[in-house]
Amino acid sequence: MHSWLIHLIKLLFPPQVLLPDIIGIDIGLTLSALAIVVYLTKTHRWGWLWKEWLTTVDHKRIGIMYIIAALIMLFRGGVDALMLRSQLIVPNAHFMGAQQYDEVFTTHGTVMIFFMAMPFFFGLFNVAVPLMIGARDVAFPRLNAISFWLFAFGAALFNISFSIGGSPSAGWFSYPPYSELQFNPGVGENYYLLALQVSGIGSIATGINFLVTILKLRAPGMTLMKMPLFVWSALVTSTLILFAFPPLTVALGLTMLDRLFGASFFTLGREGMPMMYANLFWIFGHPEVYILIMPAFGIFSEVVPTFSRKPLFGYEAMVISLLAITFLSYGVWVHHFFEMGAGPGVNVFFGLSTMLIAIPTGVKMFNWIFTMWGGRIRLTVPMLWQLGFIPTFVVGGASGVMLAAVAADYQYHNSYFVIAHFHNVIVGGTVFGLLSGLYYWWPKMFGWKLNERQGRWAFAFFFTGFWLTFMPQYFLGFEGMTRRMASYPAGLGWGGLNAMSTIGAFIMGIGFVILVYNIAWSRLHPEWDTTGDPWDGRTLEWSLPSPAPAYNFARIPEVHERDAWWSLKQAGKTDAVKLSPDQVEPIHIPKNTPMPILLAASFFVGSLGMVFSWHWMAILGGLGVVASLAWGSIQDDTDRELDPASVLNTEKRLGRVHP
Amino acid sequence: MNNPIGALPAEFENTHEGVKILGFWVFLATDVMLFASLFAVYVVYRSRVALGPTPAQIFRLGPVLAETLILLTSSFTVSLSLYAARTSHLKAAIAWLVVTLVLGATFVSLEIHEFVTDVLAGHTWHQSAFLSSFFTLVGTHGSHVTFGIGWAILLTLELAFRGLTVANRRKLFSFALYWHFLDIVWIFLFSVVYLAGVMT
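Note that the coordinates shown come from a computational prediction; the quantities given were computed from them, not determined experimentally.

Quick look at the packing of helix α9 (residues 274-308) of chain A against helix α12 (residues 358-372) of chain A
Residue and element names in this part refer to chain A. Close contact between α9 and α12 brings their axes to 9 Å; oriented N to C, the two are set at 15°. The orientation of α9 with respect to α12, classified from their angle, is roughly parallel. With respect to the hand of their crossing, α9 and α12 are arranged in left-handed fashion. Here α9 contributes Phe297, Phe300, Ser301, Val304, Pro305 and Ser308 to the contact with α12, which in turn contributes Thr361, Lys364, Trp368, Thr371 and Met372. Along the lines of polarity and charge, the residues of the contact of α9 with α12 split into six nonpolar, four polar and one charged.

Shown next, in the form of structure tokens:
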């Protein structure tokens, strides 16, 4: 064999990807990919896939694609989590080696934050926000598709690392100097840098898109203070993304220059400064955790009033507290490294600013509870997730305030106490919120409801498993167990708590399996939503049929009240959303275009070239990017017109035309 | 279609195009954050020269002053192009845009010349954290200008083939915003990097 071929094989398949479990997964993935190809070919669905999904710019479909991808990533990140917990169930276990353990916790964190939580709420934004503000689409539909495909190809790039070339192993925040070439040779870290960079560009674009959509495309009469709270949360999340992601871009970019082109930003030699990375990363990273939690706050602020049949208590206070959290979130990043020696003055400032965040968050907690107070509560699945969220998030928030106490943090830092804290807020806040939103808006996406009984079981398992997993970890932290230990000796008294935690994790896993079963079962036995308003909702998306037609609103509604649809129902004026045949006007909707997927695919090719330092491939991908951008730029004719007759027909079929 | 003074320019009259301009402003805000981060890195790293040269040893103000004047002039010419478009003089708009991109290209070639001189003298960014941050900060601005030149070429062709359509007016306006933005970033670069550098 040629020597370059041997070299190539060694590069693509280093020993760390030749472990039996990884080869097993590789075979499984290849077979499923083949099965999908065969299925699509046999059922002649390639054209359908291309026309209806891959080239679509419709926000509702993009939202669905985001959510499907996020659920797949939840599965991947969840399997990682179960692998970690299996290793720790007893002392001295060596189910994985230390290198593989490091890779698995790195991919677990990175996948869950960047490729599960963010796309999941981007999906819900896409599904709900334009419908809630009475818009026909987002401000920049093609850019929206670009965002999705950049995320999708970024996620693909990150996920192939474990079978080709090796996974990153420097943790989800990837601190130098360990992430530098000197200590971390191989391509894993390059995958991390490039994949996050590509999907990060998409996230910034999503931020721009939703900010402009919400500021510019609201229905007449919907002032800022009449917007549903979920729309507010999308607005502040977008703002956070805009100002938080560029520092991440810089942190990742500079690390890449260090690794691939020999610069010395964060190296130990030549006066590089690893601390700079920690600052840049957390200037992004702390707003990022609010980016993750704000949408969940928004979802709960929709779910609670709907299922309590009461308007949200303290709407203005809710808005002000969202804005306060947004503002404060930029002034707390140093609390991630009190131990790095910034001095007591700096540490106290950041400790206090961190504690201040508890105030607006507490206001929100009370407001949700007061909304339920005296309401007629229906215990639907979305509401169960919200009820589970309140105690869980309170515990997580309180442990956060404990961590903000600087002196005490010297004890907790890098221990399992921290692990317990942030899972408490990210799973108990973000994931509970996302799943609540998933069940809540599911009928709007697909036109059928998820089975409630199975949903309650999924919730029960997930919720119980959650508490069993993470409460023992607080105590493990007190007993001195540090995070990221690949294994631990017997005789430290950690065995029992770890075993409980692992059992809890598997119970959560069962909850996820029930969720998937719930989706599959409900698809086969659909409970159709014929009214478009299955929950007796309050906001404009429920005034539309489920799923909404391509153009959303045949006539843009006029808004007079905060809960626009509810007030129409109370006044008995629901017919106001129906059309008279003479009111139909031609509607412009954006045309499908393959440009987004081609652009993102070019980014993928170029990034893969960068990962392996194959410069020809990087240049090829770069040329693809330039060509796609140029081609996209000269397409001025991006809309198509739906003629009034076809709109009228669609609306007639949906029973939304006055006789 | 002359625009009377005081009337809204065509690119703002059309709501679709107006929304795109707002989107572009928001994009520029993210770019401000990008440069702010790089400036922060540079300011911290500027004294971390390791065994390499200090700023004062490698900066030569002459060429940099020329770059500054060229870029400032190009900011003026892009405004002339926009003015011509607003008064519906297509040929003048194209001509001033071409002048702008030629000035931009001159700027970039002077910058490349500066970089090449440094590198040939052995001052690559392998030498120190200072040089890494210097080349990255100035280079990021330079690659923005290079991207802008590519954009201006495309825009020139679009203007030549399609004329002053509303979409083209909006693109020209966004391009002018972008170009002015790069100019402002350069003013900061000139003061924070070069002026402060030769004075230490």
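Structural notes on the interface of chain A and chain B
The interface of chain A with chain B comprises 33 residues on the first partner and 36 residues on the second. Where chain A abuts chain B, roughly 2800 Å² becomes buried across the two surfaces, and 72% of that area is made up of carbon and sulfur atoms. The largest per-residue losses of area from chain A upon contact with chain B belong to Phe265, Glu271 and Asp636 of chain A, which jointly make up 19% of the total buried on that side. Put simply, chain A and chain B have zero salt bridges between them. Linking chain A with chain B are 11 residue pairs in polar contact (both at pLDDT 80 or more). Elements that contribute at least two residues to the side of chain A that touches chain B include exactly α7 (188-216), α8 (229-261), α9 and α20 (615-634) of chain A. Per-element tally for the side of chain A that touches chain B: the top contributor is α8 of chain A, with nine residues. Residues that form the side of chain A that touches chain B fall into these classes: 23 nonpolar, five polar and five charged.

As for the packing of helix α5 (residues 98-132) of chain A against helix α6 (residues 141-160) of chain A
When two helices pack together, their arrangement is given by the angle between the helix axes and by the axis-to-axis distance. Residue and element names in this part refer to chain A. Put simply, α5 and α6 touch, their axes get as near as 11 Å, and they point 160° apart. In this view, α5 runs roughly antiparallel relative to α6, as classed from their interaxial angle. Of the two possible hands of crossing, α5 and α6 adopt the one that is left-handed. Contact with α5, carried on its side by Thr107, Thr110, Val111, Phe114, Phe115, Pro119 and Asn126, involves Asn144, Phe151, Gly154, Ala155, Phe158 and Asn159 of α6 and no other residues of that element. By residue class, the composition of the contact of α5 with α6 is seven nonpolar, six polar and no charged.

Considerations on helix α16 (residues 452-478) of chain A
Given 3.6 residues to a turn, an α-helix orients residues that are three or four positions apart in the same direction. If you check α16 of chain A, its first and last C-alpha atoms are 39 Å apart, about what 27 residues at 1.5 Å a residue would give, namely 39 Å. Two or three places before Arg453 of chain A, at the start of α16 of chain A, stands the capping residue Asn451 of chain A, its side-chain oxygen 2.9 Å from that residue's backbone nitrogen.

As for the packing of aromatic side chains
Residue and element names in this part refer to chain A. In the structure shown here, the tally under the stated rule is 88 aromatic pairs over all chains. Of note, Arg61 hangs over the ring of Trp53, and the distance from its end group to the ring centre comes to 4.9 Å. The residue whose ring lies beneath Arg562 is Tyr315, and the NZ or CZ to ring-centre distance is 3.7 Å.

So, how was this worked out
Residues numbered from 1 in each chain as written. Chains lettered and ligands numbered in written order. Predicted model: local features only at pLDDT ≥ 70, side-chain atom pairs only at ≥ 80, totals over all residues. Heavy atoms only, no water. Axes fitted to C-alpha atoms, helices over the stretch in contact; angles between N-to-C directions. Helix = DSSP H or I, 4+ residues; strand = E, 2+ residues; numbered from the N terminus. Parallel < 35°, antiparallel > 145°, perpendicular 65-115°, else oblique. Left-handed = near helix turned anticlockwise from the far one by under 90°. Contact = heavy atoms within 4.5 Å. Nonpolar A, V, L, I, M, F, W, Y, C, P; charged D, E, K, R; others polar. Buried area = accessible area lost by both parts, 1.4 Å probe. Salt bridge = Lys/Arg side-chain N within 4 Å of Asp/Glu carboxyl O. Polar contact = N/O pair within 3.5 Å; in protein donor to acceptor, adjacent residues only side chain to side chain. Expected span 1.5 Å × (residues − 1). Phe/Tyr/Trp six-rings, centres within 6.5 Å; stacked < 30°, edge-to-face > 60°. Lys NZ or Arg CZ within 6 Å of the ring centre and 35° of its normal.

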